[in-house]
Amino acid sequence: MKYYPEIPELFTENRARFAAALEPGAIAIFVSNDEMPSNGDAYYPFRQNSDLFWLSGIVQEDSMVILFPEHPDPRYREVLILAKPNELKEKWDGRRLRAEEARKISGIATVVWLENLDPLLQQWVYLADHIYLGSNENDRRSGPLITRQYRYIQEIKERFPLHSYRRSARILRGLRAVKTAREVSLMQEAVDITGAVFRHLLALIRPGVMEYEVEAEIWRGFLSRRSTGPAYESIIASGDRARTLHYISNNGECRGGELVLMDFGASYGGYNADMTRTVPVNGRFTARQKEVYDAVLALHRHAKGLLKPGISLADYHKKMGEQATEVFIGIGLLTAAEVRDQTPDSPAYMKYMYHGVSHHLGIDVHDLGPRNEPLGEGMLLTVEPGVYIAEEQLGIRIENNVWIKAAGNIDLMDKVPITTEEIEGIMNR
């Protein structure tokens, strides 16, 4: 693998956490994602089902994980299903995992070829009372695509109609939200790669550079440091384009006097970083840019202070809205009259900060985690307040990744330059 040595202990620990939450007499079945066609005979790069990866570390199409903690034969309590390597297919598409290689990655001792699965699965299911199946219950999910997960749900229910069925997602939402030390070590590596590339970009950015040139350096910097690439499409937005939250065209020119907002993060070992920095194209903030930037940085630090075990995201964002209101009055964006006339459904601050301040982060950039229940120790979230001022054609966002700990939160990006003084110092060496 490009990006890390085998660490089967991570996935063994994840499977143990999941198995402990199953009802007695349960079998859990997870299937890989589809290979997705693009155009003609081409396919998009394969992206593994996040739950299956979390349980096994396997990144290969036509794979499955089956967990049956109470199977009378210990060999079949954890089973990894793989497509048997095919010599002709490998000549065209590359080498597929051998059983021993898959064991080293996943820590699963029993590997069964997909072509031999059906009779074994029937025996296993007949011994079980409940069948847990995977589904995508990320509340940001949208679109009509019927994925392999949902096709498999229909298939297995038709084959075994009298079993009781359970949703694995209800368990995984809680488990995946709480990051173990091994998971965070991979995220820290992704963060460190991202931070190193950011420092490199500070030496590159100058008036006249194109946004896509910055993006190209991000790709080069990530791949040369053993990342698999960006965790998401990088946002490189100079000037007024920074007010578009998901601007990914990256085809504009960075002009002197403007700020350039860069939202990007590396993927490493299947886990992601998510960072935003906003810097002056010519290496110096104007007095007004510095005033607004420092206000956003103050909000950023306030948010990190609020993130503690026991607070809900709803309460957290409410408190951040109240703080943003005060800060925006202080920098002349809001008046006391506007705040007095605001309504609960349309708070005044949202004219200038129209997105949430934090989301869960992990295998998915918008990872699974609770929205309505209190946050717990071990959860890892972004902290990303911003301000977007149409009248000044200005957008500033500052984003770090924070691991919530009862003894004190750990900011994975605490070594990445963040103040105006740090940024200007590096840009003007």
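Right above here is the structure, for reference.
Residues numbered from 1 in each chain as written. Predicted model: local features only at pLDDT ≥ 70, side-chain atom pairs only at ≥ 80, totals over all residues. Heavy atoms only, no water.

Draft legend 1. Molecular detail of the side chain of R15. Residue position: R15 is located in helix α1 (residues 8-20). Exposure remark for R15: the relative accessible area of 0% places this residue in the buried category. Ignoring any residue separated from it by four or fewer positions in sequence, one finds R15 in contact with L55, S56, L67, E78, S106, G107 and I108. (Helix = DSSP H or I, 4+ residues; strand = E, 2+ residues; numbered from the N terminus. Buried < 20%, exposed > 50% of the residue type's maximum accessible area, 1.4 Å probe, protein only. Contact = heavy atoms within 4.5 Å.)

Draft legend 2. Spatial organisation of the sheet that holds strand β17 (residues 410-411). Across the sheet, 3 strands lie side by side as β13-β16-β17; this open sheet has antiparallel pairing. The open sheet has two edge strands with one neighbour each: β13 (380-383) and β17. The sheet contact formed by β13 and strand β16 (residues 400-403) spans 4 bridges and is antiparallel. Within β16, the residue paired with L380 across the bridge is W403. (Pairing = 2+ DSSP bridges.)

Draft legend 3. Examining unusual backbone geometry more closely. Here the phi dihedral of D62 falls at roughly 60 degrees; this positive angle occurs in a residue that is not glycine. Here D62 lies in the loop between α2 (50-56) and β2 (64-67). Positioned with a positive phi, R226 is a non-glycine residue whose angle comes to about 75 degrees. Inspection of the secondary structure puts R226 in the loop between α9 (211-224) and β7 (229-230). R226 gets classed as partly exposed once you look at its relative accessible area, which sits at 45%.

Draft legend 4. Layout of helix α4 (residues 99-106). Every buried residue of α4 is accounted for by A99, A102, I105 and S106. The arc that holds the buried residues of α4, viewed along the axis, is 125 degrees, so those residues lie on one side. G107 lies just past α4 and shows a positive phi near 80 degrees. (Arc of directions from axis to C-beta.)

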